[in-house]
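# Report on the structure
Residues per chain, in single letters:
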Amino acid sequence: MRRKAGLILLALAVFFAALSPLLRWYAFPRLAKIPPNQYQEMVLEARDATLLDYGTMTARKVDKVTIVQTLKGNVEASERIERTAGRDVVVWDGLSYIEGPDGKMVSKVPERYIFDAHTQEPVHATGEMVDGDPVRREGIEFKWPFLTEKRAYQYFDAQARVTAPIHYKGTQDFRGVEVYYFEQTIPWTQVEFPKTLPVEGITPESVAETGTTRWYTTVRKFWVEPLTGAPVYGEEIHKEELRGGTLLGGRDKVTAFSGHVKMREDYIKDTVDLVKSNRTVVLLMTSYLPWGFLFLAGLLLSLSLYLEARGRRPGDPAPDTALEPEPVTA
């Protein structure tokens, strides 16, 4: 019985030893993915900002500018794209809604972001757009890959509609969570006017006829939890200008917006709590269970060898040793 139990324990030890790397290197990359129906809302504010009054075409100081950013998973669109893409796809329909201190709309920019549910790499399909204009993204946007590395990534800027490196700048502690700090600078770049402007009768086409152009620069900062790849906090030092044309009445340029955009405090707390819970799930699959299975395999192997040793009584011959015949005497 001891020998049979030892063999069973040995088989279990081999099973758990094989399961450990299988879970980490095979199962995790296939099971870890963004759900297609995820919904996120984020509120950011720029205090003591500068904002353009389109009625008088002059810049003025305001108490704050609020940006409400929503990302809504479009399950129907993702299932349609998956049928031809041959992989798990997530479609996020986003909206950046900007309002002034009086609560009135400054601009709103819709966006559709299509990406691989496992790697967060962009998937190019019909419907990929920013503010109604088709785009072809390269690089990540909104979220980093699972198990983020300490290196630069290519990050898509929706305003300029270009991809540029976002650089790893160091590891920090953010409210009890170890995070990687990333920073990207977009230099002054001419960009499109939003399709929706705050003054009735003013359209991007009518502004273009005046010869006035819109320019933009930003320093983008993210604090990313590396296991989940989720930003727990973000900031932008954001500036926009209108330049040239008859719309400015002979002026070379006027500030359209300037401010230090930061996440609102209540959303920081909710985001940190969510990331902490998701981080535990990732740790379970990448660390706790693989190492636990290895420890269990070692324990079972030791117990198997112990039972085998106990099963042999002192003086008994080894199982594979043949007994020599005794000599026959007359």
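If you look the chain up in an unreviewed UniProt entry, it shows as DUF3068 domain-containing protein from Streptomyces cadmiisoli.

What follows deals with the overall build of the chain. Scanning the chain from N- to C-terminus turns up 4 helices and 12 strands. Structurally, the chain occupies a C-alpha span of about 135 × 45 × 30 Å along its principal axes. Out of the 330 residues belonging to the chain, those deemed buried represent 41%. Pairs at least 24 residues apart make up 60% of the contacts formed inside the chain by residues separated by at least 6 positions. When the accessible surface of the chain is totalled, it reaches about 18400 Å², and 57% of it is carbon and sulfur. For the chain, the distance from the average position of its 41 positive side-chain charges to the average position of its 44 negative side-chain charges is 3 Å.

To continue, consider the pairing of strand β3 (residues 89–99). Two strands pair when backbone bridges link them, and strand β2 (residues 58–73) and β3 are joined in this way by 8 bridges, in the antiparallel orientation. In the sheet register, T66 faces β3, and the bridge partner there is E99. The pairing of β3 with strand β4 (residues 105–116) spans 11 bridges and is antiparallel. By the bridge assignment for β4, Y97 is matched with K108. Between β3 and β4, which follow one another and run antiparallel, lie 5 residues, and G103 among them has a positive phi close to 85°.

Our focus in this paragraph is the domain arrangement of the chain. Partitioning the chain into structural domains gives domain 1 (1–22 + 285–311) and domain 2 (32–263). Computed over C-alpha atoms, the centres of domain 1 and domain 2 are 52 Å apart.

Before going further, it helps to spend a moment on helix α2 (residues 75–85). Residues A77, S78 and I81 constitute the buried set of α2. Down the axis of α2, the sector holding all buried residues measures 95°, keeping them to one side. Of the exposed residues in α2, the ones pointing more than 90 degrees away from its buried face are E76 and R83. On its buried side, α2 packs onto β3 and β4. Where α2 begins, the side chain of N74 points an oxygen toward the backbone nitrogen of E76, at a separation of 3.4 Å. Where α2 ends, the next residue or the one after it, G86, has phi of about 75°, a positive value.

If you look at the biggest cluster of nonpolar residues, it comprises 25 residues, and the most contacted ones within it are V65, F174, V232, Y233 and F257. Those elements giving two or more residues to this core turn out to be β1 (39–53), β2, β9 (177–191), β11 (230–243), β12 (253–263) and α4 (265–311). When residues of this core are assigned to their parent elements, the largest contribution, 6 residues, is made by β1. When sequence neighbours within four positions are dropped, the list of residues in contact with Y233 reads F174, K221, F222, W223, K262, M263 and I268.

As a further point, take the UniProt feature "transmembrane region" (unreviewed entry) in the chain. Mapped onto this numbering, the UniProt entry gives "transmembrane region" (unreviewed entry) at residues 288–307. Spanning residues 288–307, this segment combines 100% helix with 0% strand, and its end C-alpha atoms are found 28 Å apart.

In this section: the side chain of T228. Among the secondary structure elements, T228 is positioned in the loop between β10 (213–225) and β11. Here the side chain of T228 touches A230 through a polar contact of 3.3 Å, landing on its backbone nitrogen.

All right, on to the sheet that holds β11 then. Taken in spatial order, the 12 strands line up as β6-β5-β4-β3-β2-β1-β12-β11-β10-β9-β8-β7 in an open sheet, and their pairing is antiparallel. The outermost strands of the open sheet, each flanked by one partner alone, are β6 (133–134) and β7 (153–157). Bridge count for strand β8 (residues 162–174) against β9 is 7 bridges, and the pairing is antiparallel. Among the inter-strand pairings, T171 is bridged to a residue of β9, identified as Y180. With respect to the sheet, α2 is in contact with β2, β3 and β4, its orientation differing from that of β3 by roughly 140°. Sheet strands touched by α4: β1, β8, β9, β10, β11 and β12. Its angle to β11, the strand with the most contacts, is close to 140°.

Conventions we followed
- Residues numbered from 1 in each chain as written.
- Predicted model: local features only at pLDDT ≥ 70, side-chain atom pairs only at ≥ 80, totals over all residues.
- Heavy atoms only, no water.
- Helix = DSSP H or I, 4+ residues; strand = E, 2+ residues; numbered from the N terminus.
- Buried < 20%, exposed > 50% of the residue type's maximum accessible area, 1.4 Å probe, protein only.
- Contact = heavy atoms within 4.5 Å.
- Areas by Shrake-Rupley, 256 points an atom, 1.4 Å probe, with all protein chains shown as cover.
- Lys, Arg positive; Asp, Glu negative; His and termini not counted.
- Charge placed at Lys NZ, Arg CZ, Asp CG, Glu CD.
- Pairing = 2+ DSSP bridges.
- Domains from an automatic or database assignment.
- Arc of directions from axis to C-beta.
- Polar contact = N/O pair within 3.5 Å; in protein donor to acceptor, adjacent residues only side chain to side chain.
- Core = buried A, V, L, I, M, F, W, Y, C linked by side-chain atoms within 4.5 Å.
- UniProt positions renumbered as here; feature names shortened; annotations may be inferred.
- Axes fitted to C-alpha atoms, helices over the stretch in contact; angles between N-to-C directions.

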